[in-house]
Amino acid sequence: MQIANVVKAAFMAVAAIWLAGCASKKEPTTAETQPPVVTVEEEVLVEVQPVLDPAVQAVIDSGKIDESPEEIQALLEKNTYFFPFDSSKLGDEAYKALDVHAAYLTSDLGYMKNIVIQGHTDERGTRTYNLALGERRAKAVKDYLVAKGVAANRIEVISFGFEKPLDPEHNDTAWALNRRAVIVTE
């Protein structure tokens, strides 16, 4: 009987081990039976455009000027045009800047803006002659802008003659600075 008890104990031990082994096996869950999910990170490049001055953007959008935004900004800021002695003829360097001003003034942003063009002279000559010369200089700028599509009724011309010198000195350098037309935006 003792052998029977040992066999019985051995049998029960094997059965217990076998049951313990079966109990540790668990049924796979749906997450374990699904293929693994792979997350792919995609690199997205975002081009950042600098914020442009609305006037510069309006000129670019007009399609009339083929310059960089920096160049357009500089040309829009140019509002003074110089003239030779006793002349109302614009210099070649003035046309590019005036083209930019015309593109802005005919754009959606600038079409309602009015401007004043002030004509100035140096101190040489009579007051009457210099007032007329200052007016001719301002009109030269106006005529160019009108030819580029800016409505004439949006441009006022005024002459100050030699009354408002940029440089009050009495020499060639000062006189050259005082012979000018200036665009003032209202």
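Above this text is the structure in question.
The shown structure was predicted, so the numbers you read here are calculated from the model rather than taken from an experiment. (Residues numbered from 1 in each chain as written. Predicted model: local features only at pLDDT ≥ 70, side-chain atom pairs only at ≥ 80, totals over all residues. Heavy atoms only, no water.)

Help me understand the sheet that holds strand E2 (residues 115-120) in this model?
Backbone-to-backbone hydrogen bonds join strands into a sheet, with any given pair of strands oriented parallel or antiparallel. Pairing is mixed in the open sheet, where four strands are placed in the order E1-E4-E2-E3. In the strand order of this sheet, the two ends are held by strand E1 (80-82) and strand E3 (155-161), each with one partner. Along the sheet, successive strands turn relative to each other by an average axial angle of 20°, direction set aside. Relative to strand E4 (residues 180-185), E2 is paired through six bridges, and the arrangement is antiparallel. Note on E4: the bridge partner recorded for Gly119 is Ala181. (Pairing = 2+ DSSP bridges. Helix = DSSP H or I, 4+ residues; strand = E, 2+ residues; numbered from the N terminus. Axes fitted to C-alpha atoms, helices over the stretch in contact; angles between N-to-C directions.)

Please clarify how the environment of Leu145 should be interpreted in this entry.
Residue placement: Leu145 occurs in helix H6 (residues 127-147). Spatially, the C-alpha atom of Leu145 lies 9.6 Å from that of Tyr95, the residues being 50 residues apart in sequence. Residue contacts for Leu145: discarding those within four places in its chain leaves Leu98, His101, Ala102, Ile115, Ile117, Val150, Ile155 and Ile183. (Contact = heavy atoms within 4.5 Å.)

Would you take a moment to explain the nonpolar core for this structure?
The tendency in soluble globular proteins is for nonpolar side chains to be buried as a group. Counting residues in each nonpolar core, the largest one holds 30 residues, and the members touching the most others are Leu90, Leu98, Ile117, Val141 and Leu145. When sequence neighbours within four positions are dropped, the list of residues in contact with Leu98 reads Tyr81, Leu90, Val141, Tyr144, Leu145 and Ile183. (Core = buried A, V, L, I, M, F, W, Y, C linked by side-chain atoms within 4.5 Å. Buried < 20%, exposed > 50% of the residue type's maximum accessible area, 1.4 Å probe, protein only.)

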